[in-house]
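Okay, here's what each chain looks like letter by letter:
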Amino acid sequence: MLRTMLDEEGLDDIEVAMDTRFTDDLELESIDLVTLAGTLQDRYGQEVNFAEFVADLELDEIIGLTVGQLVEYIVRCLAATEVRAAEVRVGEGS
């Protein structure tokens, strides 16, 4: 998703790694992060709430946000969703 967004911005030659920072390295602005939030919402629905994630960060943390931090957040959200789904299945089987 990020690569598609970067390609649309004409930044297809930038290497993206886990320590790549959205602001400093990719030079994304707040509107770009809003676009990314919408893309995540479309892909994962309510399971991944980027706005909620960013709301818990201080301004300097938002400015220094890395691809890896976002990936870790997404993984945690999806894992929590899987745990809840498994609990529901177990509860239905009792």
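The following paragraphs examine the structure supplied in this document. Given the structure is predicted, the values throughout are model-derived calculations rather than measurements. (Residues numbered from 1 in each chain as written. Predicted model: local features only at pLDDT ≥ 70, side-chain atom pairs only at ≥ 80, totals over all residues. Heavy atoms only, no water.)

1. Let's talk about the overall build of the chain
Formally: In this text, helices come from DSSP runs of H or I with a minimum length of four residues, and strands from runs of E with a minimum of two, each type numbered from the N-terminal end. It only takes one pair of heavy atoms within 4.5 Å for two residues to be counted as in contact. The method behind every accessible area is Shrake-Rupley, applied with a 1.4 Å probe, and residues are considered shielded solely by the protein chains displayed.
The helix and strand inventory of the chain stands at five helices and zero strands. Listed by position from the N terminus, the elements making up the chain come as α-α-α-α-α. Across the chain, every contact between residues at least 6 apart in sequence was considered, and the portion connecting residues at least 24 apart equals 52%. For the chain, the accessible area works out to roughly 6300 Å², and carbon and sulfur atoms hold 51% of it.

2. Brief notes about the packing of aromatic side chains
Short version of the rule: Pairs were defined over the aromatic rings of Phe, Tyr and Trp, the Trp ring being its six-membered one, requiring ring centres within 6.5 Å. Orientation was assigned from the angle between planes: stacked under 30 degrees, edge-to-face over 60, tilted for the rest.
Scanning all chains against the criterion turns up two aromatic pairs. Centre to centre, the rings of F50 and F53 are 6.3 Å apart; their planes meet at 50°, and the pair counts as tilted. With F50 and F53 both in helix α3 (residues 50-55) and three residues apart, this pair spans about one turn of that helix. Taking the centre distance of 4.3 Å and the plane angle of 20° together, the rings of F53 and Y73 count as stacked.

3. Quick word on the environment of V16
Heads up, the rule is: A 1.4 Å probe rolled over the protein chains alone gives each residue an accessible area, and that area as a share of the maximum for its type sets the label: buried under 20%, exposed over 50%, partly exposed in between.
Tracing the backbone shows V16 in the loop between α1 (2-8) and α2 (30-44). Residue class for V16 comes out partly exposed when judged on its relative accessible area of 30%. For the pair V16 and G68, spaced 52 residues apart in sequence, the C-alpha to C-alpha distance is 9.9 Å. When near neighbours in sequence (up to four residues on either side) are disregarded, V16 contacts L2, R3, L6, L26 and V67.

4. A short note on the layout of surface pockets
One simple way to see leftover space: roll a probe sized like a water molecule over the atoms. Convention followed: Using a grid of 1 Å spacing that covers the protein atoms alone, one calls a set of points a cavity when a 1.4 Å probe fits there but cannot get out, and a pocket when the set is open and has protein on both sides within 12 Å along at least five of seven lines; lining residues are those with an atom within 4 Å of a point. Grid points are joined across faces, edges and corners, and a volume is the space filled by probe spheres set on the points. Put simply, Ala, Val, Leu, Ile, Met, Phe, Trp, Tyr, Cys and Pro go in the nonpolar bin, Asp, Glu, Lys and Arg in the charged bin, and everything else, Gly too, in the polar bin.
Approximately 170 Å³ is the volume attributed to the largest pocket. Along the walls of the largest pocket sit M1, L2, F22, L36, L40, Y44, V67, L70, V71 and I74, which together make up its complete lining. Here the lining of the largest pocket takes four residues from helix α5 (residues 67-93), the largest share from any one element. Within the lining of the largest pocket, the residues separate by chemical class into 10 nonpolar, no polar and no charged.

5. Examining the pattern of salt bridges
Defined as follows: In what follows, salt bridge is the name for a side-chain nitrogen of Lys or Arg lying within 4 Å of a carboxyl oxygen of Asp or Glu.
Inspection of the entire model under this criterion finds two salt bridges. Put simply, R21 and D24 hold a salt bridge, and the shortest N to O gap is 3.4 Å. Looking at R21, the relative accessible area reads 32%, which means it is partly exposed. With its nearest N and O atoms 3.3 Å apart, the salt bridge here joins R21 to D25.

6. Quick notes on unusual backbone geometry
For E27, which is not a glycine, the phi torsion comes out positive at approximately 55°. You can see E27 is positioned in the loop between α1 and α2. For E27, a relative accessible area of 61% translates into the label exposed.

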